[in-house]
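# Summary of the model geometry
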Amino acid sequence: MGVTDLNSLSFWWKCALGLSICNVVFTLKTKRCITSEEHLLRDMPTNLYCNHRPGRGPYTDCKITDLRTDLSKVGLEVRSLCIFSDIASIPANAFSHLPSLEVLQIVGESLENVQSGAFSGLPNLKYLRLLISDRICRSIAMESLAFAGLTNLEELTLEGLNLTNVSINIFDPLVSVIKLNINRTCSLDLSDIFCYLPVGMSHLKDLNVINSGISTIETKECPGASKTWPGTVLSGIRNLYLIGNSIKIIQANSLVVFQNLSSLSLEFAGQSLDSIWESGIGMVGELSLTGKKYSTNFSDLCHLVSKLHLQSLSLVFISTDRLSAKHLKDCGTTLTKLFISRMEIDLDFDFWTGNTGMQELQMAQMKLTEAPFCVAVNGTVSSLTSLDLTGNSITYIAGDQFVCMPLLEQLFLSDNAIKTLQLNAFRGLHHLKILKLDSNKISQLTAKDFRTLQALEVLLINDNIIETIEDGTFRDQRELRQLSFGRLEYVFELHLNRIFYAFPPKIQRLSIDVKYGTTFFLGSTPQTEGTFLLELSGDRLDFVDCNTTVFTAVRELKVNCTFFRCKNDFMAPYFPNLESFEFLEESEKARLSYTKINTLHRLKRLKLTDLSFNYTEAGSVFRNLTQLQTLVLVNCHLSFLTECMFQDLTSLQLLRLYSDSPLVLIDGMFEVLPVLTAFVLDRVDFQCSCENGWILDWAESTEKVQVINLQKQNCVWHYKKLNFLATMKKLCQTDLQYICCVATAGSVCLLLSAAVGYRFARWPSIVLFIRLRGWVERRFGRQWHRRRRRRVEEIEEIEEMQYDAFVSFCSRDEAWALGELVPRLEEQGNPRLRLCLHNRDFEVGKNIMDNIIESIYSSRCTVCLISRHYLRSDWCSLEMRVATNRLLEEQKYRLILIFLEHISPFELSAFHRLARLMRSRTYLDWPVDEADRVHFWDRLRRNIAEEDTVRS
């Protein structure tokens, strides 16, 4: 082989290598971790398995397949990590590169092995949760030193782990654990759990064994007699929680080690309650019994209370015969809290007189129809500070109904059927701070209802259909922090200055639901002492007094309505100090401009839902919002998002989008967001076009922005929704770089071939050139014959045309087309034109796509009636696309655009096809002045009938 051949091979090898490098394919590396700061957490996507603890941010949620690779890009500053994984093993030092971790949650339903030292290198870890299964208990190989290094761990939660095959020394390294939660372990005896507790776990205070199949509590030796119960550890436990275990047998002296329990919760299914205190258990502060229809009598319950010196007794799903003053007296004076729920019981309402020292009483979901606790008690005064009657069937509150409870601070009457608050219903409750009357049937609020409740701080009257509300209803509640009332279905004028007299100075949260709508009057009201949250809901929210000092104290505003206005203007600008604004528009009826949102200069969080921008310049809504950190747009009917819209959002960190209609993102829109850290797409339907390739390039190349859920999005292709990434990969594999590379390689090969041909086949090439020249002369010498034949074909084609024009319009503009266009062109003037309308001339039963194509190709031209609704119509877009394709095929074909309303060039910039047509084709504007319309119709008829187009 010669030197020339070697050089040739080297050349072709370089060309092949260059081509392989240029073969670029659209791919997107899946970013499996999402990191959120504390202030952005509420608007970030949530995982049901991840419980974020306040004050432990930054937070990172990961869905991983390879532990080391996928976690390699998690920041060192992350303090809370939640992993949802399909991994089979957790190796040693798996998280050692994250020394700042304080909270670690792992959901691993495919996990089979946890190696020794898996959590080493985490000196700051305080909370560890390991979920093996959320339905059953499962066996995995967990080595004895799996928790080695977690000397500072304070809380451990294990869910779905079968402890049978786990080393009995598994918890030995956990010397600082305070709370141990074990769920679904499939143990039969509680003693099996005790055997796993090491002697060094001396700080343990809470032991929760839930839904683990435990049916017996016995004194048994540990397996293999290798260990004994850690008496000092068990004696230090204060809270033992065994709910979800149907315990049938409690052996005598089996719980003797527990002498100082603060609370004990268990589901009892045994024969006698005596077995509980016979277990040797010492004094217990609180006892919670769930029985699933377990039957007993209150005498036995009081016997248990006396034996254990209980201060609090909670009974759920336990049937008992009767509760009277005598029974409660037998319980002794130590009992201060009684919680009864979902029980069948014969109740004497004066039972509480048997223990006047009772402080808290709950009787929730007991099917009570009345609550005459203070009737026939002969002036006995209760010491109750809290009374909970939630979820009963009480229909009214009688006068002086709670007069025997002067120390009451909390009264819960939610989810009843209360219709009436009789006169003096709450008399005597001078210390009441919390009153909940939500979800009842109260229809009237009078000035006397809450007159005596001057210490009230929380009042909830929401979810009541209130027909009337008197002046002065809340005038005595000067300590109110939270007030919620509604629905005011028949209150069409709400004078806040009259129902309060003076606005509550300490208010922190005010919620008003007016259902159909109302007009608010505030009058002259003093400013509050601090800031507060305002929630408003209803169809129409009209304000008369807008420039009030009360609105300057609102920092967070949540509005759900159709009309939110002050004298026909959007109301939001009258809250100048807003930092968080949520607005949900329930209908497109409101013809309001939302542009003045841009006057809320202090806004940090903005969430807009179902907003219609038909009367708003979308490009100016977000101007001047330089402090905005979070922007959430849900179905805001925006056709596009551009760089100009976001140019002032210099502090934006989170952008979240959801759109039912196609949304166009213009290239460069993220370049003006310098501190953006997260871009969340809940649902965005892109166009299947290589013009959107920039999104994939940007998402792949950006390092500082987390692009979330892009792989789940669709794009629209011929009225079908396809996966965005997969479709872009098929459509746009060959990019500009690849084309340039191929063109360069082809040019080089052509030049080489020409050089070789000239060197070895010069004379044959000359002969070939002469023959080609002769063929060209003969071909163009007959050109006049072909022109003549073409004219004949054009005449025949014109004769075959069925219509003068195909009219493309949307359903919203049908009235104009049928009422203005058709009569003018078909029935008046000269010449009379034949128009093709889809609702009149399409062949019934034929595919819509075929009808469109045949109608356009059977018409001399196409007339498009352009409006904002037209631009949003998928069918209209298809008709324009077909007409444009014919325009490219036949230069003589005409496409005429008629703008029925003014659409700014900024709005049209998102519709590239239409913008290009406007620069090269005829377009007309529907004149506002009727005098100009005669010329409009003449000009339109002339353009349809004649061949020459007119540039507007």
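Residues numbered from 1 in each chain as written. Predicted model: local features only at pLDDT ≥ 70, side-chain atom pairs only at ≥ 80, totals over all residues. Heavy atoms only, no water.

## Considerations on the side chain of Ser 808
This is how the line gets drawn: The secondary structure listing takes helices from DSSP runs of H or I that are at least 4 residues long and strands from runs of E that are at least 2 residues long, numbered from the N terminus. Relative accessibility thresholds used throughout: buried, under 20% of the residue-type maximum; exposed, over 50%; partly exposed, between the two (1.4 Å probe, protein chains only). Side-chain atoms alone can form a polar contact between residues adjacent in sequence; in general such a contact is a pair of N or O atoms within 3.5 Å, and within protein one must be able to donate a hydrogen while the other accepts it. Residue contacts follow a heavy-atom distance rule, with two residues in contact if any of their heavy atoms lie within 4.5 Å.
Here Ser 808 is to be found in strand β50 (residues 803-808). The class for Ser 808 is buried, based on a relative accessible area of 0%. In this structure the side chain of Ser 808 is engaged in a polar contact, spanning 2.8 Å, whose partner is the side chain of Tyr 870. Among residues more than four places away in sequence, those in contact with Ser 808 are Val 863, Cys 864, Leu 865, Tyr 870, Cys 876 and Glu 879.

## Remarks on the sheet that holds strand β52 (residues 859-866)
For clarity, the cut-off: Strand pairing is assigned whenever DSSP identifies at least 2 bridges connecting the two strands. Between N-to-C directions, angles cover 0 to 180 degrees, with each direction set by a line fitted to C-alpha atoms, over the stretch in contact for helices.
The strand order across the open sheet built from 5 strands is β51-β50-β52-β53-β54, with neighbouring strands paired in parallel fashion. Every other strand in the sheet has two partners, leaving β51 (835-836) and β54 (923-925) as the edge strands with one partner each. With 2 bridges joining them, β50 and β51 adopt parallel strand pairing. What sits directly across from Ala 805, in β51, is Leu 835. Lying over the sheet, helix α22 (residues 933-945) contacts β50, β52, β53 (894-899) and β54, oriented at roughly 160° with respect to β53.

## Digging into helix α11 (residues 724-731)
Cut-off, in case you're wondering: Comment: arc refers to directions from the helix axis out to C-beta atoms.
Those residues of α11 not exposed but buried are Phe 724, Leu 725, Thr 727 and Met 728. Looking down the long axis of α11, one finds its buried residues gathered within 165° of arc, a one-sided arrangement. Check the buried side of α11 and you find it contacts β46 (685-687), α10 (693-701), β48 (714-717) and β49 (720-723). The N-cap residue of α11 is Asn 723: its side-chain oxygen and the backbone nitrogen of Leu 725 are 3.2 Å apart.

## Some points on the nonpolar core
Short version of the rule: The nonpolar core is taken to be a set of buried Ala, Val, Leu, Ile, Met, Phe, Trp, Tyr and Cys residues, with the residues joined through side-chain atoms within 4.5 Å.
Of all hydrophobic cores here, the largest spans 228 residues; its most connected members are Phe 95, Phe 426 and Phe 564. Listed in part, the 27 residues of the second largest apolar core include Leu 871, Leu 887, Leu 895 and Leu 908.

## Some words on the pattern of salt bridges
Using the following cut-off: The term salt bridge refers to a side-chain nitrogen of Lys or Arg lying within 4 Å of a carboxyl oxygen of Asp or Glu.
Applying the stated criterion across every chain, the model contains 35 salt bridges. Between Asp 70 and Arg 32 there is a salt bridge, and its shortest N-O distance comes to 3.8 Å. One end of the pair, Asp 70, is in helix α2 (residues 67-71); the other, Arg 32, is in the loop between α1 (3-22) and β1 (33-36), with 38 residues separating them in the sequence. Given the relative accessible area of 30%, Arg 32 is considered partly exposed. Glu 582 serves as the salt-bridge partner of Arg 42, at 3.5 Å between the closest nitrogen and oxygen. Of this pair, Arg 42 sits in the loop between β1 and β2 (59-64) while Glu 582 sits in strand β39 (residues 580-585); the two residues are 540 residues apart in sequence, bridging distant segments of the chain. Residue class for Glu 582 comes out buried when judged on its relative accessible area of 18%. Here the residues in one salt-bridge network are Arg 42, Asp 43, Glu 556, Glu 582 and Arg 605, joined through shared partners.

## Some words on the pairing of strand β37 (residues 563-566)
Neither face of β37 is left uncovered, since the one carrying Phe 563 and Arg 565 and the one carrying Phe 564 and Cys 566 both have all their residues buried. Note that strand β35 (residues 540-543) and β37 share 4 bridges and pair parallel. The residue bridging Arg 540 from the neighbouring strand is Phe 563, located in β37. As paired strands, β37 and strand β38 (residues 569-570) are joined by 2 bridges and run antiparallel to one another. Paired with Arg 565 across the strands is Phe 570, a residue of β38. Hairpin connection, β37 to β38: the antiparallel pair is bridged by 2 residues, and Lys 567 has positive phi, about 55°.

## What to know about the pairing of strand β11 (residues 206-210)
Of all 5 residues in β11, 4 are buried, a share of seventy percent or more. Note that strand β10 (residues 179-183) and β11 share 5 bridges and pair parallel. Bridge pairing links Leu 180 to Leu 207 in β11.

## Overview of the sheet that holds β48
One open sheet holds the 3 strands; their spatial order is β46-β48-β49, and the pairing between them is mixed. What marks the edges here is a single partner per strand, and that holds for β46 and β49. With direction set aside, neighbouring strand axes in the sheet form an average angle of 45°. For β46 and β48, the ladder comprises 3 bridges, and the chain directions are parallel. Across the sheet, Asp 685 pairs through a bridge with Asn 714, a residue of β48.

## Section: the state of the cysteines
Test applied: Two cysteine sulfurs form what is called a disulfide whenever their separation falls within 2.5 Å.
Taken as a whole, this structure holds 8 disulfides when the rule is applied. The residue that forms a disulfide with Cys 137 is Cys 186, at a sulfur-sulfur distance of 1.4 Å. The chirality of the disulfide connecting Cys 137 with Cys 186 is left-handed, given an S-S dihedral of about -100°. Residue Cys 137 is located in the loop between β7 (127-131) and β8 (141-142), and its partner Cys 186 is located in the loop between β10 and α3 (190-194); the two are separated by 49 residues in the primary sequence.

## Side note on helix α15 (residues 814-827)
Here is the rule: We define the bend at each residue as the angle formed by axes fitted to the 7 residues ending at it and the 7 residues starting at it.
Of all the bends in α15, the greatest reaches close to 35° and is centred on Leu 821; the proline Pro 823 follows between one and four positions later. Residues of α15 that are buried make contact with β50, β51, α16 (838-841), β52 and α22. Positioned one or two residues after α15, Gly 829 has a phi angle of 75°, which is positive.

## Some remarks on unusual backbone geometry
Following Gly 57, the chain continues into Pro 58 via a peptide bond in cis, with omega recorded as 0°. Along the chain, Pro 58 turns up in the loop between β1 and β2. Cis geometry marks the peptide bond from Gly 486 to Arg 487, where omega comes out at 10°. With respect to the secondary-structure elements, Arg 487 resides in the loop between β30 (482-486) and β31 (493-495). The phi dihedral of Asn 211 falls on the positive side, at around 50°, and the residue is not glycine. Structurally, the position occupied by Asn 211 is in the loop between β11 and β12 (216-217). A positive phi angle, near 55°, is found at Lys 515, a position not held by glycine.

## A word on the packing of α15 against α22
For any two helices packed against each other, one specifies the crossing angle of their axes together with the interaxial distance. Note the cut-off: Note that the term roughly parallel is reserved for angles under 35 degrees, roughly antiparallel for angles over 145, roughly perpendicular for angles of 65 to 115, and oblique for everything else. The hand of a helix crossing depends on one turn: near helix anticlockwise from the far one by less than a right angle means left-handed, and clockwise means right-handed. Under the convention adopted here, Pro, Cys and the residues Ala, Val, Leu, Ile, Met, Phe, Trp and Tyr are nonpolar, Asp, Glu, Lys and Arg are charged, and Gly plus all remaining residues are polar.
Between α15 and α22, the shortest axis-to-axis distance is 10 Å and the interhelical angle comes to 70°. Taken as axis vectors, α15 and α22 run roughly perpendicular relative to one another. Relative to α22, the crossing made by α15 is right-handed. In this structure, α15 contributes Trp 816, Glu 820, Leu 821, Arg 824 and Leu 825 to the contact, and α22 contributes Trp 937, Leu 940, Arg 941 and Ile 944. Per-class residue counts for the contact of α15 with α22 are 6 nonpolar, no polar and 3 charged.

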